[in-house]
There are 4 protein chains.
Amino acid sequence: MQEHRTAEFIEAALDRLGIEHFRCGGTGVVGLQRNGDGPVVAFRADIDGLPIEEQTGAEFRSEARGTLPDGTEVPVMHGCGHDSHTAAALAACGVFERDRAGWSGTIVWIFQPGEETAAGANAMVADGLWDRAPRPAVVLGQHVVPAVPAGSVALCEGPAMAAADALKVTIHGKQSHGSQPQDSIDPIVLGAFIVTRLQTIVAREIAPQSAAVVTCGTFHAGVKENIIPDRAELTLNTRTLTDEVRDALIPAIRRVISAEAAASGAPEPEVEELYRFPALVNDAEQARVVRAGIAAELGAERVLTVGPGMGSEDFGGLATSIGVPNVYWFFGAYAADATEQPVNHSPQFLPDGELPLVTGARAAIGGIRAALGETREA
Amino acid sequence: MQEHRTAEFIEAALDRLGIEHFRCGGTGVVGLQRNGDGPVVAFRADIDGLPIEEQTGAEFRSEARGTLPDGTEVPVMHGCGHDSHTAAALAACGVFERDRAGWSGTIVWIFQPGEETAAGANAMVADGLWDRAPRPAVVLGQHVVPAVPAGSVALCEGPAMAAADALKVTIHGKQSHGSQPQDSIDPIVLGAFIVTRLQTIVAREIAPQSAAVVTCGTFHAGVKENIIPDRAELTLNTRTLTDEVRDALIPAIRRVISAEAAASGAPEPEVEELYRFPALVNDAEQARVVRAGIAAELGAERVLTVGPGMGSEDFGGLATSIGVPNVYWFFGAYAADATEQPVNHSPQFLPDGELPLVTGARAAIGGIRAALGETREA
Amino acid sequence: MQEHRTAEFIEAALDRLGIEHFRCGGTGVVGLQRNGDGPVVAFRADIDGLPIEEQTGAEFRSEARGTLPDGTEVPVMHGCGHDSHTAAALAACGVFERDRAGWSGTIVWIFQPGEETAAGANAMVADGLWDRAPRPAVVLGQHVVPAVPAGSVALCEGPAMAAADALKVTIHGKQSHGSQPQDSIDPIVLGAFIVTRLQTIVAREIAPQSAAVVTCGTFHAGVKENIIPDRAELTLNTRTLTDEVRDALIPAIRRVISAEAAASGAPEPEVEELYRFPALVNDAEQARVVRAGIAAELGAERVLTVGPGMGSEDFGGLATSIGVPNVYWFFGAYAADATEQPVNHSPQFLPDGELPLVTGARAAIGGIRAALGETREA
Amino acid sequence: MQEHRTAEFIEAALDRLGIEHFRCGGTGVVGLQRNGDGPVVAFRADIDGLPIEEQTGAEFRSEARGTLPDGTEVPVMHGCGHDSHTAAALAACGVFERDRAGWSGTIVWIFQPGEETAAGANAMVADGLWDRAPRPAVVLGQHVVPAVPAGSVALCEGPAMAAADALKVTIHGKQSHGSQPQDSIDPIVLGAFIVTRLQTIVAREIAPQSAAVVTCGTFHAGVKENIIPDRAELTLNTRTLTDEVRDALIPAIRRVISAEAAASGAPEPEVEELYRFPALVNDAEQARVVRAGIAAELGAERVLTVGPGMGSEDFGGLATSIGVPNVYWFFGAYAADATEQPVNHSPQFLPDGELPLVTGARAAIGGIRAALGETREA
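Residues numbered from 1 in each chain as written. Chains lettered and ligands numbered in written order. Predicted model: local features only at pLDDT ≥ 70, side-chain atom pairs only at ≥ 80, totals over all residues.

## Some points on the overall build of chain A
Working step 1: From N to C terminus, chain A includes nine helices and 18 strands.
Working step 2: Here chain A, with 378 residues, has 58% of them falling under the buried criterion.
Working step 3: Taking contacts inside chain A between residues at least 6 apart in sequence as the whole, the part at least 24 apart equals 80%. (Helix = DSSP H or I, 4+ residues; strand = E, 2+ residues; numbered from the N terminus. Buried ≥ 20, exposed ≤ 12 C-beta atoms within 10 Å, placed from the backbone. Contact = placed C-beta atoms within 7 Å.)

## Here's the deal with the UniProt feature "domain: Peptidase M20 dimerisation" (unreviewed entry) in chain A
Working step 1: According to UniProt, the "domain: Peptidase M20 dimerisation" (unreviewed entry) feature falls on residues 167-262 of chain A.
Working step 2: For residues 167-262 of chain A, the helix share is 41%, the strand share is 31%, and the end-to-end C-alpha distance is 19 Å. (UniProt positions renumbered as here; feature names shortened; annotations may be inferred.)

## As for the UniProt feature "binding site: Mn(2+)" (unreviewed entry) in chain A
Residue and element names in this part refer to chain A.
Working step 1: According to UniProt, the positions carrying the feature "binding site: Mn(2+)" (unreviewed entry) are Cys80, His82, Glu116, His143 and His345.
Working step 2: Checked against the element boundaries, His143 lands in strand β7 (residues 138-149).
Working step 3: In contact with His143, other than residues within four places in its own chain, are His85 and Phe330.

## Remarks on the confidence of the model for chain A
Working step 1: Looking at chain A, the pLDDT average stands at 88 and 84% of residues meet or exceed 70.
Working step 2: If you check the scores for this complex, the pTM reads 0.81 and the ipTM reads 0.76. (pLDDT = per-residue confidence, 0-100.)

## Observations concerning the packing of helix α5 (residues 187-205) of chain C against helix α6 (residues 243-264) of chain C
All names here are of chain C.
Working step 1: Between α5 and α6, the least distance of the axes is 9 Å, while the angle of their chain directions is 145°. Judged by the twist between their axes, the crossing of α5 over α6 is right-handed. Each of Leu190, Phe193, Ile194, Arg197, Leu198, Ile201 and Glu205 in α5 lies in contact with α6, whose residues at this interface are Ala248, Leu249, Ala252, Ile253, Val256, Ile257, Glu260, Ala261, Ala263 and Ser264. (Axes fitted to C-alpha atoms, helices over the stretch in contact; angles between N-to-C directions. Left-handed = near helix turned anticlockwise from the far one by under 90°.)

## Side note on the pairing of strand β1 (residues 20-24) of chain C
Residue and element names in this part refer to chain C.
Working step 1: Pairing of β1 with strand β2 (residues 28-35) involves five bridges; the strand directions are antiparallel. From the neighbouring strand, Glu20 faces β2, where its bridge partner is Leu32.
Working step 2: Hairpin connection of β1 to β2: three residues between the antiparallel strands, including Gly25 at a positive phi of 70°. (Pairing = 2+ DSSP bridges.)

## Remarks on the sheet that holds strand β3 (residues 40-46) of chain C
Residues and elements named next belong to chain C.
Working step 1: Here eight strands make up an open sheet; going across it, the order is β1-β2-β6-β3-β7-β18-β8-β17 and the pairing mixed. Both edges of this open sheet fall to β1 and β17 (303-305), since each of them pairs with a single strand only. Each strand of the sheet is rotated relative to its neighbour by a mean of 30°, with strand direction disregarded.
Working step 2: As paired elements, strand β7 (residues 138-149) and strand β18 (residues 326-334) share eight bridges and run parallel to each other. Counted as the bridge partner of Gln142 is Trp329 from β18.
Working step 3: Relative to the sheet, helix α1 (residues 4-17) contacts β1, β2 and β6 (105-112), its axis offset from that of β2 by approximately 15°.

## Digging into the domain arrangement of chain A
All names here are of chain A.
Working step 1: The domain boundaries assigned to chain A delineate domain 1 (4-161 + 279-371) and domain 2 (163-277).
Working step 2: Taken together, the contact between domain 1 and domain 2 spans nine residues of the former and eight residues of the latter.
Working step 3: Residue composition of the side of domain 1 that touches domain 2, by class: five nonpolar, two polar and two charged. (Domains from an automatic or database assignment. Nonpolar A, V, L, I, M, F, W, Y, C, P; charged D, E, K, R; others polar.)

## Topic: the interface of chain B and chain C
Working step 1: Contact residues are listed per partner, giving 18 residues for chain B and 18 residues for chain C.
Working step 2: The set of elements that each furnish at least two residues to the side of chain B that touches chain C consists of α5 (187-205) and α6 (243-264) of chain B.
Working step 3: The residue makeup of the side of chain B that touches chain C, split by class, is nine nonpolar, three polar and six charged.

## Points about the environment of Val327 of chain A
Residue and element names in this part refer to chain A.
Working step 1: Assignment of secondary structure puts Val327 in strand β18 (residues 326-334).
Working step 2: You can call Val327 buried: it has 30 C-beta atoms within 10 Å.
Working step 3: Sequence separation of Val327 and Asp283 is 44 residues, and the distance between their C-alpha atoms is 6.2 Å.
Working step 4: Not counting residues within four places of it along the chain, the set of residues in contact with Val327 comprises Val138, Leu140, Asn282, Asp283, Gln286, Ala287 and Val290.

## Here we look at the relation of the copies chain B and chain C
Working step 1: Under the fitted operation, chain B is carried onto chain C by 0.1 Å of movement along the axis and a turn of 180°, and the coordinates agree to an RMSD of 0.1 Å. Expressed as a symmetry operation, the mapping of one chain copy onto the other fits a two-fold axis. Identified as the residue of chain B closest to the rotation axis by C-alpha distance is Ala259 of chain B, at 2.6 Å.
Working step 2: When the interface residues of chain B are mapped onto chain C, 100% of them are again interface residues, pointing to one common binding face. (Least-squares fit on C-alpha atoms with pLDDT ≥ 70 in both.)

## Quick word on the sheet that holds strand β18 (residues 326-334) of chain B
Residues and elements named next belong to chain B.
Working step 1: Pairing is mixed across the open sheet formed by eight strands, whose spatial order is β1-β2-β6-β3-β7-β18-β8-β17. Because the sheet does not close on itself, it has two edges, and the strands there are β1 (20-24) and β17 (303-305). Across the sheet, the mean angle from the axis of one strand to that of its neighbour is 30°, orientation sign disregarded.
Working step 2: Pairing between strand β8 (residues 153-155) and β18: two bridges, direction antiparallel. From the neighbouring strand, Ala154 faces β18, where its bridge partner is Phe330.
Working step 3: Along the sheet, helix α1 (residues 4-17) contacts β1, β2 (28-35) and β6 (105-112); its crossing angle with β2, the most-contacted strand, is approximately 15°.

## Considerations on the relation of the copies chain D and chain C
Working step 1: Of the transformation superimposing chain D on chain C, the axial component is 0.1 Å and the angular component is 180°, with the fit at an RMSD of 0.1 Å.
Working step 2: A share of 98% of the interface residues of chain D reappears at the interface of chain C, consistent with the copies meeting face to face through the same patch.

## A look at the interface of chain D and chain C
Working step 1: Chain D puts 46 residues into the contact, and the matching count from chain C is 45 residues.
Working step 2: Sorting the residues of the side of chain D that touches chain C by element identifies β11 (176-177), α5 (187-205), β12 (212-221), β13 (227-228) and β14 (231-240) of chain D as the ones contributing at least two each.
Working step 3: Top contributing element to the side of chain D that touches chain C by residue count: β12 of chain D, with eight residues.
Working step 4: The class makeup of the residues in the side of chain D that touches chain C is 21 nonpolar, 21 polar and four charged.
Working step 5: Summarising the sheet, strand β12 (residues 212-221) of chain C and β12 of chain D pair through three bridges and their orientation is antiparallel. Within β12 of chain D, the residue paired with Ala221 of chain C across the bridge is Phe219 of chain D.

## Digging into helix α7 (residues 284-298) of chain D
All names here are of chain D.
Working step 1: In this model, α7 (15 residues) spans 21 Å end to end at C-alpha, consistent with the 21 Å of a helix rising 1.5 Å per residue.
Working step 2: Turning to α7, its buried residues number three or more, namely Gln286, Ala287, Val290, Arg291, Gly293, Ile294, Ala296, Glu297 and Leu298.
Working step 3: Where α7 is buried, its residues contact β7 (138-149), β8 (153-155), β16 (280-282), β17 (303-305), β18 (326-334) and α9 (354-371).
Working step 4: Following α7 by one or two positions, Gly299 has its phi on the positive side, about 100°. (Expected span 1.5 Å × (residues − 1).)

## Details of the environment of Gly222 of chain B
Working step 1: With respect to the helices, strands and loops of the structure, Gly222 of chain B is situated in the loop between β12 (212-221) and β13 (227-228).
Working step 2: Each C-alpha atom, one on Gly222 of chain B and one on Gly293 of chain B, is 56 Å from the other, the two residues being 71 residues apart in sequence.
Working step 3: If we skip the residues at most four places from it in the chain, Gly222 of chain B touches Gly217, Thr218 and Phe219 of chain A together with Ile188, Ile227 and Pro229 of chain B.

## Let's talk about the environment of Arg16 of chain C
Working step 1: Among the structural elements, Arg16 of chain C can be located in helix α1.
Working step 2: In the structure, Arg16 of chain C is positioned 166 residues away from Gln182 of chain C in sequence and 69 Å away in space, judged by C-alpha atoms.

## Remarks on the packing of α5 of chain B against α5 of chain D
Working step 1: As a packed pair, α5 of chain B and α5 of chain D sit with axes 8 Å apart at the nearest point and diverge in direction by 50°. Compared by their axis directions, α5 of chain B and α5 of chain D come out oblique. Considering only the axes of α5 of chain B and α5 of chain D, their crossing is left-handed. Facing α5 of chain B, whose interface residues are Thr196, Gln199, Thr200, Val202 and Ala203 of chain B, α5 of chain D presents Thr196, Gln199, Thr200, Val202 and Ala203 of chain D.
Working step 2: Counted by class, the contact of α5 of chain B with α5 of chain D contains four nonpolar, six polar and no charged residues. (Parallel < 35°, antiparallel > 145°, perpendicular 65-115°, else oblique.)

The following block contains the structure:
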């Protein structure tokens, strides 16, 4: 939620296009492209970066820095490709502006911050997004991914992206000198057993046909090799596609953490819920409309079908907060035969030249056009 | 090695006593108390602190701050009691100064920095300690500990404190988004298995009668709960009393680290030796001389015998560098019936009033006097 | 492969129906129901039991005993429901026999032993099954399961059941007295770390959307609590749905076993492949034919569609050995609202009264009739 | 407690010497060698074997078989060297018989079964040993070990051998088919985590200077690689030298077992105490008497001093049951320069020719003679 320069850049771009806009949710920007009567369609692009030091070697690589919750300053980059999303949305917006005769209605352009922390969509809704912008019939959005070849898009009906839960675990041990483990309750040994034990949940407790992930993304403990510290902090991130699996997974994690602390004779660790992303579910009927619109733009052979991904999105919150349907799709990052395809969140993530951007822009145009009820020959 | 203010404090105290001194090894201070012909005896007090925030609630609690090797500024305290050592040495020095008629010879007062990092003794020797100070017949030293009741001292012949080795382990994994573990090599899971597997070395590979410790004092990995990081850093600290056990322990640790990386399909981790403390061995004959001297000062019933401790000391390096014997003893921190006895390196560590300080000073006096060949009725 | 009494029972039943038969593959029985010109259709029922002591409390519960490979005698039961399969097949056979006017062609009834050990189908093929019986156009089979409500069947096109691999792992340690672990290489500790480490493969190395199972079904080591044994024996069983996942899983298992032995300083364990079941894949076109036939018999609303199951079957080997298609379906074991639904291989497994049996028989009749090219109004 | 043939052999030997004897505690034999007035001294030799298949290649290797508690027949051998003890005792008995003029008093020869299972000493006491034999002033005993060179003996004052506790752990899981781990509670995974977690007790909870062992000697679960079993059985054996350590160790083991079951969502495992051997403590004064007696027989340079061993013995129960002191020593098994020195309980354990036997006999003679108050020039 520190996307100040990005927000100013977007505002300047909208100004150049002559489109009215307002700030919403801190660094969020909403553009209102009004063009007579007709449906209201919202399109969301996310704009936030990640605390990763860019290692792409690109001339235009990020040199920006941000601040972690604990105050540490770190390098940041658009490691998840959100700059592509923003650029594609601005390009599409420009095309609609130059073609005002070709459509009617209103497009609500939502440039949303804080997707990675699940804070942005909620922040914009809480800041009165739908009081200040007209309510849409459908909310659209897209994401660049390596799994789809550049030049193509992929979408699905029904569940599209996973629910994500994040937990912060604070393990309380008992400090002692490293030469006297008998006077300690070692929080690093305890944390290590929590991590190893958590593996059994996905491996043994969840049905093999049900997708689930339990990732421990951070493990921090200790300041000196010869002092057994008094605490360890872990953060966990889970992915599930159904409520049934989620409702089995989270209690199992808590059960393991609690029991491993008991095995160490340690106090009950604190388990704090950092966020909950719901699963993102595409409305089946709207998905068919959008698919047809993108196919009219790119050609039907460039619109693929994919199963649900384990990534998560707070995109769904924009539509579910007002009870309207949404549709979300993916566009390709790399040529199918590219030898190196660094994934999102990698320090090397860098979509492949202009084709992804152009495809993203054209997919946005095709999808929005269809949702506006405008049709075009495929 | 950042004991600047402490060193200045010591220099001022020696100045007040009129004792010549010089800096040695950066923040080390050496006082030369010359008093005619006679033996040369060295007495060492260590002066360094630890990166622990003092939580004793004492009026005179530390509010000092220091800098970790990575540049982070942290609160520091004399968490191992080295301020007691320094104070006791200065008090003893004052007593000898006021009693110049009562002894002859030379006392070399070594106020040594950096004991906790094993850097200080070596730094002073490397900086020409024994070229600039006369070579002693014996080097003496002492440490405050909770395991001995306040008012008493304890010493032993032969091995007195453990050898310590410290290793830094850098685990190389492969970064990926937290929702896609299949694209990662998870360094936190690997680190957790290294920690759990290391437990078997002390439990199964070292003879139960042989003392050994393997502590993992720090475990740091990851910046975000939904990114699987590309590395984890662990530091390890070991304790052993004999070369035979040490020579079994260190290769076993390296074997486990290497094999667990192989189990994860990860590259070979880097294992860097941070330091090696040798075991501290008291010269048997000199120990009997010193014991008698302290007994003459405190009463024989206040001089106890203890087995070797698992703590480590770089003290031994001062004497072994010039091939002379050394003797090291412990003095008590708490009344035997004290309900709370926080151990060294605890944020609550605070010896119990004046008795420990007085005992430390008198033990130093008795030990030095005996080593100088002066005797006194017990 | 010890189904002697079951085989004799089947032979007597076929004799009563006047159907020619022959032994094949030891305790396998093949019935040839010839009825003029027309297609040849094979139907397979498996007849083997499991070394589980039946605890259903049924009057007709198994009191049979069998012999394990190591010679131990153990109680056995039809814990996987194969007696239902056999009974349903014999019932269907009787219906076809009484209705010879209603169809023409040849039905090959394959009563197959040794499904659980993957030995039976291969044994029958190796014993000349398809030289002695006419080659069929399609091979059909079915299995009773709790996941389908009694009275219904379920089938799918494409992958229907998982590939299974079984490995026997012999861990070589070094024996010693239990009080002297330092003289041993402890194979139980090593085996425990293999089991815990294997959990990471499904949890972290296989994509969450890809189904995979690694089960350690047996762990045997030691004869006395105070002797560290010199070996441990584990058996593993894996499930996968695609060759891609299988080809990642098995090498990962071998990598973990090898590396954990290295972590213990133990010799390389022996890993012996006990068997490989291929995945069972239903021919799509034949599956539609069979579905229609069963729907005609039971009503279309009683023919469900299911995703692939993680169970395994050697059924596929009967058809793939001669390059003909096969179709396999499930019939229900329990009323949908039954409060207790013990699963296959449970000591309490007991399908629910006559309905499962009748449904199994009618499904066999409908499927076979359709495969023979006979149609009937739904 | 199946030493029937050994007991008959001993009885025949005593008959040949003309010494009265009686059975006691099943297969125990007590010989009473009465020779006028004087002290009563008891000497104990243990006579039981172990379920190990002898692999020494000796001509006289054991081909005997025994029966485990579960009824399995297994090969047995005197894997702990108890045949040496018995032979040495019978030889010493013969020497005293031929030299009746050289001593007076009574020697109670206790040939004790069931040492390895801690059942024998108690069984003999319970069967009225001290009602049927005269009460001795001291009870003596010895054991052959590789750690002492052949021709020498070693003894110590105070603690001589470890306390041992044995626990049987029955883990209750939930059975399921191996392809459906989600329906199971996997007792093998749970057992593996118990074993790995137990390692932390010795490694982190017991002071490094305190000797302790936790061995899991047996792990048995499962009958088939594709069935997740409903239980696993482990047996554990612990060693400690002091009550303080023992009182920390056993509750820690129970805590780990209980917590790991909770981590699996499994019922509380059953933990059954199989036996408790107390530590064996030599009476200091009697040890000095015996040392002098053995030195008179073998030469003082052949009587060494050792620290406590981690092995255990039920020997102490014979004396403590009647409140008299005991002394226990070791005699050597191998020449000091023997290249191969298989330890007790190894299938290759075979003391080295006649020297160990002769030394054992002479040590018994010297020790008993001293305890009888007879002295001889060293």
